Every structure is written in structure tokens, then in C-alpha cells.
Amino acid sequence: MKKYRTLLFDVDDTLLDFTAAEKEALRMLFEEKGMPLTTEMESHYKKINHGLWKSFEEGKIGRDEVVNTRFSLLFKEYGQVVDGALLEKSYRSYLEDGHQLVNGAFELITDLQHQYDLYIVTNGVSKTQDKRLRASGLHPIFKGIFVSEDTGYQKPMKEYFDYVFARIPNFSAKQTLIIGDSLSSDIKGGHQAGLDTCWFNPDKKTNDTEIVPTYQIHQLDELYRIIG
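Residues numbered from 1 in each chain as written. Predicted model: local features only at pLDDT ≥ 70, side-chain atom pairs only at ≥ 80, totals over all residues. Heavy atoms only, no water.

1. Some details on the packing of aromatic side chains
How two aromatic rings sit relative to each other is set out by the distance from centre to centre and by the angle between their planes. Rules: Between rings of Phe, Tyr and Trp, where Trp is taken as its six-membered ring, a pair exists when centres lie within 6.5 Å; planes separated by under 30 degrees are stacked, by over 60 edge-to-face, and by other angles tilted. Numbering goes from the N terminus for both helices and strands, where a helix is a DSSP run of H or I of at least four residues and a strand is a run of E of at least two. Burial classes: relative accessible area under 20% of the type maximum marks a residue as buried, over 50% as exposed, and values in between as partly exposed (1.4 Å probe, protein chains only).
Scanning the entire structure with this criterion turns up 12 aromatic pairs. Their ring planes at 85° and their centres at 5.2 Å tell us that W53 and F56 sit as a pair that is edge-to-face. Residue W53 and its partner F56 are both found in helix α2 (residues 39-57); the two are separated by 3 residues, about one turn of the helix. Classification of F56 as buried rests on a relative accessible area of 4%. Ring centres of Y119 and F146 lie 6.1 Å apart, and the angle between their planes is 25°; this geometry places the pair in the stacked category. In this pair, Y119 is assigned in strand β2 (residues 117-122) and F146 in strand β3 (residues 144-147), connecting sequence segments 27 residues apart. With respect to class, Y119 is no different from F146; both count as buried.

2. Quick look at the nonpolar core
Put simply, the test is: Think of a nonpolar core as a cluster: buried Ala, Val, Leu, Ile, Met, Phe, Trp, Tyr and Cys residues, connected wherever their side-chain atoms sit within 4.5 Å. Residues count as neighbours in contact if any of their non-hydrogen atoms are within 4.5 Å of one another.
In terms of nonpolar packing, the biggest core is built from 28 residues, with L7, F9, L177 and L223 touching the most fellow members. Here the element with the most residues in this core is helix α5 (residues 105-112); it accounts for 4 residues. Every residue in contact with L223, bar those within four places of it in the chain, is listed here: F9, L108, L112, L177, I179, C198 and I217. Counting 23 residues, the second largest nonpolar core, distinct from the first, contains A21, A25, I48 and F56.

3. Observations concerning the packing of α2 against helix α3 (residues 63-76)
Heads up, the rule is: For every element, the axis is a line fit to its C-alpha atoms; helices are fit only across the contacting stretch, and the angle between N-to-C directions ranges from 0 to 180 degrees. Under this scheme an angle from 65 to 115 degrees is roughly perpendicular, one under 35 degrees roughly parallel, and one over 145 degrees roughly antiparallel; angles in between are oblique. For any helix crossing, the convention is left-handed if the near helix is rotated counterclockwise from the far helix by under a right angle, and right-handed if that rotation is clockwise. When residues are grouped by polarity, Ala, Val, Leu, Ile, Met, Phe, Trp, Tyr, Cys and Pro land in nonpolar, Asp, Glu, Lys and Arg in charged, and all others, Gly among them, in polar.
Viewed as axis vectors pointing N to C, α2 and α3 meet at an angle of 155°, and their least axial separation amounts to 10 Å. For the element pair α2 / α3, the angle class is roughly antiparallel. The chirality of how α2 crosses α3 is right-handed. In contact with M41, H44, Y45, I48, N49, L52, W53 and F56 of α2, α3 contributes R63, V66, V67, T69, R70, F71, L73 and L74. The residue inventory of the contact of α2 with α3, partitioned by class, reads 11 nonpolar, 3 polar and 2 charged.

4. A short note on the pattern of salt bridges
Stated formally: Every case where a carboxyl oxygen of Asp or Glu lies within 4 Å of a side-chain nitrogen of Lys or Arg is listed as a salt bridge.
Considering all chains together, one arrives at 21 salt bridges under this definition. Of the charged contacts, one joins E96 and K127 as a salt bridge, the two residues approaching to 3.2 Å between their closest N and O atoms. Linking E96 in the loop between α4 (84-95) and α5 with K127 in helix α6 (residues 126-136), this pair joins segments that are 31 residues apart in sequence. Its salt-bridge partner being D186, residue K155 comes within 2.6 Å of it at the nearest N-O pair. With K155 in the loop between α7 (148-151) and α8 (158-166) and D186 in helix α9 (residues 183-192), this pair connects stretches of sequence that are 31 residues apart. For the pair formed by K155 and D186, the shared burial category is buried. One salt-bridge network, held together by shared partners, links E96, D97, K127 and K131.

Geometric descriptors of this kind do not, in isolation, establish any biological role.
Here is the structure:
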């Protein structure tokens, strides 16, 4: 008997290459504003964005505040007053076209679909995630897709996972594994919800947190040795 029956997958930088999609979307957004995107600008955006999403994960601010203020905060640093919500709309339209797959993702999911119950668990904007997953070809393979915007909660909140568990038929926490790249979102959330966790860490980052994953992999095909 298999140890796991249900596999919960994160999307960004686990199945879809969000880093590549984000870079292209930012390049096009800055081009729209008549400014070439520099490495320094990209780094500055990521710092602002990461800080806002971290506050969101901690429940300190809402999703709308994250997405509607990040560009106004960024451009303010360059002496420009912009409509953050309007720029977010442009950025979102560019981002929705970014559906580059992480190496081995399509092969893995296609292979696992007949042996396991596969679900998506992701923080983000529903329309964006839906469009990217459909364009990548992954969408129809999953039995359910749970985006934080639809649930009213976000990873790592226990309420998010309670929402997900209530909508998976015959759910068993002991037979469920969550796979994701974020220690603070996927791994912490999974642990708090009583799940085994698998940290996808392709860049071999050092874990300097107190969050301890059940497993760690550097390539997606290493998941096979965990799930048997």
C-alpha cells in the first residue's frame, strides 16, 4: 500500500517558472513606462514585493494591498508618482502570458495523474493562475485547484488548509504530501496542518529557519523515491 494517496502541489517556482514569467512581465511593464529594466530595479522590486507578500502570509495585510501598492512604492523610489492599481493591471496582463514550465514538471504530473489524487494549492490571483495553468497544459490534469483569492485565506494559514481538506473527497492527512518551494508558505503551512512536506529546493538554498521539511529535493524527478 502506498504511503501517500493525495499530492498537493504549489505552482510558482514548483511547477511553473515564475521567475522567468516575472522577469518578462517586468521588462514589458517598464518598457511601457519608457524605462529600460535594470538589474538594480528588478532587485529593488523583488525586495518590495517579497516584503509585502510576507506580510500577507502573516495576515498583516490583504492581497489587494500587496498588488495595488507594490508598483507605486517601487516607482516612488525613482521619483515617479504612479497609479499602483493601474500598473498592476498592466503587469497582470503580461504575467498571465508567462507559463514556462519548471524542468520535468509536465512529465512528472502526467506520469502521476493515474496513481495519485493531484491538487493545486497556491497563493495568488485566481484569473492569473488559471490562465497560466491552462496555457501550460497542466490545468486538466488536477482534480482541484485552490487559489488563495478564492478561499479567503492563504498559505500558511490553517484556515486555508481546512478549506482545502473539506473539499477533497475522503481526505486523509496521513496519506497526503505537500510539495512546494517556499519554506514560509508551503512547508510551514503543511506542517501546521499536520501534513508531511517536501521542500523543492533546486538552487540548494541554505535553510536558516526553524522550519524543517519532512523531505527535500533538488529536482522534481527526485519525488519518485519519496512517494515510491
